[in-house]
Amino acid sequence: GENVEQHPSTLSVQEGDSAVIKCTYSDSASNYFPWYKQELGKRPQLIIDIRSNVGEKKDQRIAVTLNKTAKHFSLHITETQPEDSAVYFCAAPHSGGGADGLTFGKGTHLIIQP
Amino acid sequence: GAVVSQHPSRVICKSGTSVKIECRSLDFQATTMFWYRQFPKQSLMLMATSNEGSKATYEQGVEKDKFLINHASLTLSTLTVTSAHPEDSSFYICSAMVGYGLFFGSGTQLSVL
């Protein structure tokens, strides 16, 4: 099955600065890479995802980049705001093809300092 | 996005009792649903894959006799934690895939006394 590593575990940035969270995956057959945001006691919410046929995707202040050769993908948040504080999880298909759900990274606690 | 409903949101029970958690897809049919468990400050760990009309597939280390899964219709999957013990206390959350996206229920916080 897939193995997903995520770094850092905690990230503290000043409001307005950028934040970058990185993940690596093990299965070269994986073709879909989502990012989830989870606030305390709530369900994870999909914030952005990328398919393996593109190298970058952007949605307002959030972007995801993918390097298939190196098997890593990153989440970039620009102009961070207090409401960006949460735990962020990267994920990859549990077994390459995606029909068996997702395997999640260990999560990054993002803290936005006012 | 797709709506997945999960009930109850919180359960407190005595050790030895069984707890049933329901997961419904409200605006789509889900032949497959996934059950995850999340301990405090940890990641989501896949417990089992629930398949409509057939047996669930359990991840390594998850006891199928303890975590009973039933997926009797295209919109409902249930997870029953049998003879719950304090170590089963956790946040249980179901999910379903729509296309490539995985959408989660609101989760059930189980506390076993």
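Here the structure is shown first, and the text comes after it.
Residues numbered from 1 in each chain as written. Chains lettered and ligands numbered in written order. Predicted model: local features only at pLDDT ≥ 70, side-chain atom pairs only at ≥ 80, totals over all residues. Heavy atoms only, no water.

Caption draft 1: Examining the sheet that holds strand S8 (residues 72–77) of chain A more closely. Residue and element names in this part refer to chain A. Strand order in the open sheet made by the 5 strands is S1-S3-S8-S7-S6, with antiparallel pairing throughout. Sheet topology places strand S1 (4–7) and strand S6 (56–59) at the edges, where each strand pairs with a single neighbour. Across the sheet, the axes of successive neighbouring strands diverge by a mean angle of 15°, strand direction being ignored. Pairing between strand S7 (residues 62–67) and S8: 6 bridges, direction antiparallel. When the bridges of S8 are listed, Val64 appears paired with Leu75. (Pairing = 2+ DSSP bridges. Helix = DSSP H or I, 4+ residues; strand = E, 2+ residues; numbered from the N terminus. Axes fitted to C-alpha atoms, helices over the stretch in contact; angles between N-to-C directions.)

Caption draft 2: Representation of the interface of chain A and chain B within the structure. Taken together, the contacts link 19 residues of chain A with 19 residues of chain B. Taken together, both faces of the contact between chain A and chain B bury some 1,600 Å²; the carbon and sulfur share is 59%. At the surface where chain A touches chain B, the tally comes to 0 salt bridges. Summed over the shared surface of chain A and chain B, the number is 7 residue pairs in polar contact (both at pLDDT 80 or more). Those elements giving two or more residues to the side of chain A that touches chain B turn out to be strand S4 (32–38) and strand S10 (102–104) of chain A. Broken down by element, the residue count for the side of chain A that touches chain B peaks at 3 residues, all from S4 of chain A. When its residues are assigned to classes, the side of chain A that touches chain B shows 7 nonpolar, 7 polar and 5 charged. (Contact = heavy atoms within 4.5 Å. Buried area = accessible area lost by both parts, 1.4 Å probe. Salt bridge = Lys/Arg side-chain N within 4 Å of Asp/Glu carboxyl O. Polar contact = N/O pair within 3.5 Å; in protein donor to acceptor, adjacent residues only side chain to side chain. Nonpolar A, V, L, I, M, F, W, Y, C, P; charged D, E, K, R; others polar.)

Caption draft 3: Quick look at the packing of aromatic side chains. With the rule as written, the count across this model stands at 11 aromatic pairs over all chains. Centroid distance Tyr25 of chain A to Phe33 of chain A: 4.6 Å. Interplanar angle 40°. Geometry classified as tilted. Arranged with centres 5.6 Å apart and planes meeting at 65°, the rings of Trp35 of chain A and Phe73 of chain A form a pair that is edge-to-face. Linking Trp35 of chain A in strand S4 with Phe73 of chain A in strand S8, this pair joins segments that are 38 residues apart in sequence. You'll find Trp35 of chain A and Phe73 of chain A in the same group, each marked buried. Feature note: the residues Tyr36, Phe89 and Phe104 of chain A together with Tyr36 and Phe104 of chain B constitute an aromatic cluster, connected by ring pairs. (Phe/Tyr/Trp six-rings, centres within 6.5 Å; stacked < 30°, edge-to-face > 60°. Buried < 20%, exposed > 50% of the residue type's maximum accessible area, 1.4 Å probe, protein only.)

Caption draft 4: Structural view of the state of the cysteines. Taken as a whole and assessed by the stated rule, the structure comprises 2 disulfides over all chains. Here Cys23 of chain A engages in a disulfide with Cys90 of chain A; their sulfurs sit 1.9 Å apart. Taking the sign of the S-S torsion, -95° for the link of Cys23 of chain A and Cys90 of chain A, the bridge is left-handed. In this pair, Cys23 of chain A is assigned in strand S3 (residues 19–25) and Cys90 of chain A in strand S9 (residues 86–93), connecting sequence segments 67 residues apart. Assessed through its relative accessible area of 0%, Cys90 of chain A is described here as buried. Two residues share a disulfide in this structure: Cys23 of chain B and Cys94 of chain B, whose sulfurs sit 2.0 Å from each other. Every disulfide takes its handedness from the sign of the S-S torsion; for Cys23 of chain B and Cys94 of chain B that torsion is 80°, giving right-handed. Here the residue Cys23 of chain B occupies a position in strand S3 (residues 19–25), and Cys94 of chain B occupies one in strand S9 (residues 90–98), the gap between them amounting to 71 residues. For the pair Cys23 of chain B and Cys94 of chain B, one class covers both residues: buried. Here Cys13 of chain B is not disulfide-linked; the sulfur of Cys94 of chain B is the nearest cysteine sulfur, at 18 Å. Residue Cys13 of chain B is classed as buried on the basis of its relative accessible area, which comes to 10%. (Disulfide = S-S within 2.5 Å.)

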